Each structure stands twice: as C-alpha cells, then as structure tokens.
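Descriptive structure summary
Letter by letter, the chains look like this.
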Amino acid sequence: MSIKITIIGSNSAIPSTHRWTSAQFLNVGGNGVLLDCGEGTQIRLKMFGIKLNAINQIYITHLHGDHFFGLIGLISTFHLMGRNKPLTIFGPKGLKEIINFQLEASNSFLCYELNFIETNPNEPEIIFEDKDYSVTSFPLRHSVDTTGFMFKEKEKLPNVKRDFIIKHDLSVEQITEIKNGNDFIDNTGNVYKHNKITYSKLPASSYAYCTDTMYLPEIVPIIKDVDLIYHEATFLSDLQHQAIEKFHATAKEAAMIARDANAKKLIIGHFSKRYKTTDVLVAEAVEIFPNTIAAEDGMRIEN
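Here's a quick rundown of the structure. (Residues numbered from 1 in each chain as written. Predicted model: local features only at pLDDT ≥ 70, side-chain atom pairs only at ≥ 80, totals over all residues. Heavy atoms only, no water.)

**Remarks on the overall build of the protein**
The condition is simple: Numbering of helices and strands runs from the N terminus; a helix is a DSSP stretch of H or I covering at least four residues, while a strand is a stretch of E covering at least two. Buried residues are those whose accessible area, probed at 1.4 Å on protein chains only, stays under 20% of the maximum for their type, while exposed residues exceed 50% and partly exposed ones sit between those limits. Two residues form a contact once any of their heavy atoms are found within 4.5 Å.
Assigned secondary structure in the protein consists of ten helices and 16 strands. C-alpha extents for the protein along the principal axes are approximately 75 × 55 × 35 Å. A burial count over the protein gives 51% of its 303 residues as buried. Considering only intrachain contacts with a sequence separation of at least 6, the fraction spanning at least 24 residues in the protein is 65%.

**Structural notes on the pairing of strand 7 (residues 125-129)**
What counts here: For two strands to pair, DSSP has to find at least two bridges joining them.
Across four bridges, strand 7 lies against strand 8 (residues 133-139) in antiparallel orientation. Residue pairing across strands places Ile126 opposite Thr136, the latter belonging to strand 8. Linkage of strand 7 to strand 8, two consecutive antiparallel strands, is achieved through a turn of three residues.

**A word on the sheet that holds strand 3 (residues 31-35)**
Rules: Axis definition: a line fit to C-alpha positions, over the contact stretch in the case of helices; interaxial angles, taken between N-to-C directions, run 0 to 180 degrees.
Spatial ordering of the open sheet is given by 6-5-4-3-2-1-16, a layout of seven strands whose pairing is mixed. Only two strands of the sheet have a single neighbouring strand rather than two, namely strand 6 (114-118) and strand 16 (300-302). Across the sheet, the mean angle from the axis of one strand to that of its neighbour is 20°, orientation sign disregarded. Relative to strand 3, strand 2 (residues 23-28) is paired through five bridges, and the arrangement is antiparallel. Its bridge partner lying in strand 3, Gln24 is registered against Leu35. Strands in contact with helix 3 (residues 71-80) are strand 3, strand 4 (55-59), strand 5 (87-91) and strand 6; relative to strand 4, the strand with the most contacts, it is inclined by about 165°. Strand contacts of helix 4 (residues 95-105): strand 5 and strand 6, with the helix running at about 155° to strand 6, the strand carrying the most contacts.

**Description of the nonpolar core**
Applicable threshold: Nonpolar core, defined: a set of buried Ala, Val, Leu, Ile, Met, Phe, Trp, Tyr and Cys residues in which side-chain atoms within 4.5 Å join the residues together.
Counting 32 residues, the largest nonpolar core has Ile219, Ile223, Ile229 and Ile268 as the members making the most contacts within it. If you list the elements that add at least two residues to this core, you get strand 12 (206-210), helix 9 (251-260), strand 14 (265-269) and helix 10 (279-286). What Ile268 contacts, discounting residues up to four positions off in sequence, is Tyr230, His231, Ala233, Ala254, Leu281, Val282, Thr292, Ile293, Ala294 and Ala295. Counting 25 residues, the second-largest nonpolar core is a separate cluster that includes Ile8, Phe25, Ile58 and Ile75.

**Let's talk about the pattern of salt bridges**
Inclusion rule: Here, a salt bridge means any side-chain nitrogen of Lys or Arg that lies within 4 Å of a carboxyl oxygen of Asp or Glu.
Per the counting criterion, the structure on display carries eight salt bridges. Between Lys193 and Asp183 there is a salt bridge whose closest N-O contact spans 3.5 Å. Note that Lys193 is positioned in the loop between strand 11 (191-192) and helix 7 (194-197) and Asp183 in the loop between helix 6 (172-179) and strand 10 (184-185), a separation of ten residues in sequence. Asp260 is paired through a salt bridge with Arg259; the nearest N and O atoms lie 2.9 Å apart.

**Some points on the side chain of Thr88**
One can find Thr88 in strand 5. Judged by its relative accessible area of 18%, Thr88 is buried. Those residues in contact with Thr88 that lie beyond four places of it in its chain are Asn56, Gln57, Ile58, Asn115 and Ile117.

**Digging into the environment of Asp132**
This is how the line gets drawn: Think of a polar contact as two N or O atoms within 3.5 Å of one another; within protein, one of them needs to be a possible hydrogen donor and the other a possible acceptor, and neighboring residues in sequence only count if both atoms come from side chains.
In this structure, Asp132 sits in the loop between strand 7 and strand 8. Sequence separation between Asp132 and Lys152 is 20 residues, and the spatial gap between their C-alpha atoms is 8.7 Å. In contact with Asp132, other than residues within four places in its own chain, are Gly29, Asn31, Lys152, Glu153, Lys154 and Lys156. At 3.3 Å, the side chain of Asp132 and the side chain of Lys131 are in polar contact.

**Side note on helix 10**
Where we set the bar: Regarding the arc, it is the one traced by the directions from the helix axis to the C-beta atoms.
If you check which residues of helix 10 are buried, you get Leu281, Val282, Glu284 and Ala285. Burial along helix 10 is one-sided: seen end-on, the buried residues are contained in an arc of 160°. For helix 10, the secondary structure elements touched by its buried residues are helix 9, strand 14 and strand 15 (292-294).

**A look at the packing of helix 3 against helix 4**
Two measures define how a pair of helices packs: the angle their axes make with one another and the distance between the axes. As a reminder, the rule being used: Should an angle fall under 35 degrees it is called roughly parallel, over 145 degrees roughly antiparallel, and 65 to 115 degrees roughly perpendicular, with every other angle called oblique. By convention the crossing between two helices is left-handed if the near helix lies anticlockwise of the far one by an angle smaller than a right angle, and right-handed if it lies clockwise. When residue character is reported, Ala, Val, Leu, Ile, Met, Phe, Trp, Tyr, Cys and Pro are called nonpolar, Asp, Glu, Lys and Arg charged, and the others, Gly included, polar.
Running from amino to carboxyl end, helix 3 crosses helix 4 at an angle of 55°, the nearest separation of the two axes being 11 Å. As the angle between them shows, helix 3 and helix 4 are arranged oblique. Regarding helix 3 and helix 4, the two cross each other, and that crossing is right-handed. Here helix 3 contributes Leu71, Ile72 and Ile75 to the contact with helix 4, which in turn contributes Leu95, Ile99, Gln102 and Leu103. Its residues assigned to classes, the contact of helix 3 with helix 4 shows six nonpolar, one polar and no charged.

Below is the structure:
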C-alpha cells in the first residue's frame, strides 16, 4: 500500500510563473483526495494529468484565499461535466456559507450532492474513517482558524499465495482463516505455516499536511512517526521576526518538527515569492533534518 501525492501548487499567497498557490492531490486507499484549492487549481490538475472525476473528497485547511479561491470554480466545473457522485468537503466554519452564497448568487443548481463537514480548530478529531484509511484533523497556529490533516492507511490482511489456493482448492472460508493468521492443515494432517503460504504484508503509509502555521511543537505527538510530512517553510530564519508576525514558519522550524516527530521524510513548501530558488531553504532545513526536499509543482511522491 502507499499514499501517492502530486504537488499541484507550492507557493504562498501570490502565484508565480512556475509556482501556483496551495493544492495537492492524494491517492490514498484507492480514493482521490484534494488538499486545499488555491486559485486555478482545476487548470493545474488537468495540466498534471489528474482526472477531475477522481476527486471524492476535498480538505480545506483555512479561509485564506490562496487555499480556497479555486474551490467554487472546481465545484462548478464538476457540475458542467455532469458529475453524478457526491462530493464531500471538509473545512472550517464559514466555508459552507461562502460556497452556498456563490452558488445562489450565480443561480447555480448542482447536479450532484455536495456535503460539508466542519473541522474543529481547537482539538484533534478523526473526521473520516473507512476500511482503507482514516483522516485526523488537528489545530495549527495561524492568523485565522486553521487545521492540519493526518492521513493513515490501515494495514491490510496478507494475501494467500495463488498457487497454494489452486493446489489445495481452498474455499472462501479457508482463505479467510489463513488471511486472519491461521496455519492451514490439509486432509492428511500436513501443517502449512501461515507465513509460508501468504505474501508479506505491505506496510501502511501515513502523511501529515501542515500548512499554514507558525512553529507549533504541540503537533508533534499527533503526527509522531509519520512517514511523510509536508510542512510550510515560508521564510528563512533570518526573517523569523516576519514569520512570527505573519504566523508562518521557517525552513529550520519545519525541520525541527520533522525531526522531533521522527518523520521519515520532509517536504517543505508554501514558499515566499521573494525566494528565486528553494536551494537556500532546503540547505537550512537539511542541517537539522537531512531527508528534506522542496515541493515543486507537478512533483509526484509515493511513500
């Protein structure tokens, strides 16, 4: 199993020629998920070969325009494309009213079901769970109510080897028993050990999305041992005073969070437009957390 991530936009506040504002597409448990939806996200999704109809859920961190101004356009495009499956949007208080006002003002009536689930800016909460994965929202510290999101795949039962199933003509009940950890005993009393007749389980993946936020060590226990973390790194440490004033983080602080959470890998993003290259931001981060990369629009990561 794995969580596959495509960076749709990695800039902060204002888009540039090569970087658009915040958005990511996740494939988790076979489901399409959109994280944030900055202006023009639907255009970038198409540019990067992602089918709009693959999106089943949208998660919005907060109500700053660079994180949700593209949402009404995407919702409208779904309608024009004849979408017929429900769409669920998780986001802060007020988002539902904003979208409904825009729909009403344009006399728009959607051909699909649109559901909103309000996130809690004060406490961590499991906001979605099915047989494949769960999603936990947790408070971040920004100038408006903001949440991060933690995606955790669930471990799958190991599959029984196909040639063993055929050779012993196993029933569904027998296969289920083996998948649940039992050995197999044939009609003559031969014992076949569970670990010899099943494929090794693939490890479950986890992903934490932390933007926008100033340095907040309180999130470390929530995202402890995460495989992959995306953390904003709007500024270098020489502008920490600006980071504090604007409720953002530095590359150094993002690395400190990844290190303290025992993450396997860190992606930094949400870069200030002042930086012409991300090399300086990565250089600052790797001094504390070596396994750091900079987000690039169109980048695909699998963990």
